[in-house]
Amino acid sequence: MKILGRIAAIICAINTLVGKLVSWLSVGIVLVCFTVVVQRYLFAVSYVWMQDLYIWLNGAMFTAVAGFALLRDNHVRVDIFYRPASKQKKAVIDLVGVLIFLFPAMWVIWTYAWPFVLRSWKYAEGSANVGGMPGLFVLKTFILVFAALIALQGLAMILRSILVLAGREELVPESIRYTSGDNTSLPTEAV
């Protein structure tokens, strides 16, 4: 059982590292967008590649931090039943949800994105805009990154569920432990 906790901890560490690193792209997005606006409205100058850049950075950031958002429970959930549920009921809901919804959805995304991304790399695809950024194939690769990081975090959720249902909650990594049964307060990180 300890190995399950270690695997979950490693997955959480990967998503935390990726999430914290990639979230810094938001600073670049703001700076590039600000520069585009200033150039356009103060100097009547516009560069298509700069417009592509902040849109691409935005896409890369949001796809890469999705696993981190799932780790932190920052995704959208209709939690009429989940919030007041006991830890064991939450574990069952998460286990079923990951197996029936999350894993199949990530498999579909991966399956359909793989040939799309390979074709993009084969052609070294760039922006469709004249004067746009080269390297669109790199951005398209983030679709696969998204599916992989979400699926990994789903695996960590399954491991957490197994440990909780087996009565070994102490082996669950701190970052993904369930809060108290009523769960009426936000985690301190989210406040």
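In what follows, the structure referred to is the one given above.
The structure displayed is predicted, hence computed values, not measured ones.

Student: Explain the overall build of the protein chain here, please?
Tutor: A tally of regular secondary structure across the protein chain gives six helices and zero strands. In terms of overall dimensions, the protein chain has C-alpha extents of about 65 × 40 × 30 Å along its principal axes. Pairs at least 24 residues apart make up 75% of the contacts formed inside the protein chain by residues separated by at least 6 positions. By element, 71% of the accessible surface of the protein chain is carried by carbon and sulfur atoms, the whole surface being about 11500 Å². When the 16 positive and 10 negative side-chain charges of the protein chain are each reduced to one mean point, those points stand 4 Å apart.

Student: Help me understand the side chain of N15, please; the structure alone is not making it clear to me.
Tutor: Here N15 lies in helix 1 (residues 2-22). A polar side-chain atom of N15 sits 3.3 Å from the main-chain carbonyl oxygen of L149. The residues touching N15, leaving out its near neighbours within four places in the chain, are G67, F68, L71, L149 and Q153.

Student: What is the right way to read unusual backbone geometry from this model?
Tutor: Negative phi is the rule for most residues except glycine; trans is the rule for most peptide bonds. Positive phi, normally seen in glycine, also occurs at A44, with a value near 55°. Tracing the backbone through its elements, the reader meets A44 in the loop between helix 2 (25-43) and helix 3 (48-64). Assessed through its relative accessible area of 71%, A44 is described here as exposed.

Student: Help me understand the layout of surface pockets, please; the structure alone is not making it clear to me.
Tutor: Rolling a probe over the atoms, with the probe sized like a water molecule, indicates the empty space that remains. The computed volume of the second largest pocket comes to approximately 380 Å³. Taken together, 17 residues make up the lining of the second largest pocket; nearest its centre are H75, R77, D94, G97 and M157. If you list the elements that add at least two residues to the lining of the second largest pocket, you get helix 4 (66-71), helix 5 (87-122) and helix 6 (136-165). Broken down by element, the residue count for the lining of the second largest pocket peaks at six residues, all from helix 5. Among the residues making up the lining of the second largest pocket, the classes are represented as 13 nonpolar, two polar and two charged.

About the criteria used
Per chain, the residues get numbers from 1 upward, laid out in the order the sequence is written. Two thresholds apply to this predicted model, a pLDDT of at least 70 for residue-level local features and 80 or more for giving and counting side-chain atom pairs, whereas whole-chain, interface and lining totals are computed over all residues. Processing note: side-chain calculations cover all non-hydrogen atoms of the structure and skip hydrogens and water entirely. The secondary structure listing takes helices from DSSP runs of H or I that are at least 4 residues long and strands from runs of E that are at least 2 residues long, numbered from the N terminus. When checking whether two residues touch, look at their non-hydrogen atoms; a contact exists if any pair is within 4.5 Å. Per-residue and other accessible areas follow the Shrake-Rupley method at a 1.4 Å probe size, with only the shown protein chains counted as cover for residues. His is not counted, nor are the chain ends; Lys and Arg add positive charge and Asp and Glu add negative charge. Charged groups are reduced to one reference atom each: NZ for lysine, CZ for arginine, CG for aspartic acid, CD for glutamic acid. N or O atoms closer than or at 3.5 Å make up a polar contact, with two conditions inside protein: a donor-capable atom paired with an acceptor-capable one, and, for residues adjacent in sequence, both atoms drawn from side chains. The rule is simple: take the accessible area with a 1.4 Å probe, protein chains only, and divide by the maximum for that residue type; under 20% is buried, over 50% is exposed, in between is partly exposed. Grid points spaced at 1 Å and placed over the protein atoms alone form the basis of the search, with a cavity being a set where a 1.4 Å probe fits but cannot get out and a pocket an open set showing protein on both sides within 12 Å along at least five of seven lines. Lining residues have an atom within 4 Å of a point. Grid points are joined across faces, edges and corners, and a volume is the space filled by probe spheres set on the points. Under the scheme applied, nonpolar residues are Ala, Val, Leu, Ile, Met, Phe, Trp, Tyr, Cys and Pro; charged residues are Asp, Glu, Lys and Arg; polar residues are all the others, including Gly.

In short, shape yes, function no, at least from these values alone.
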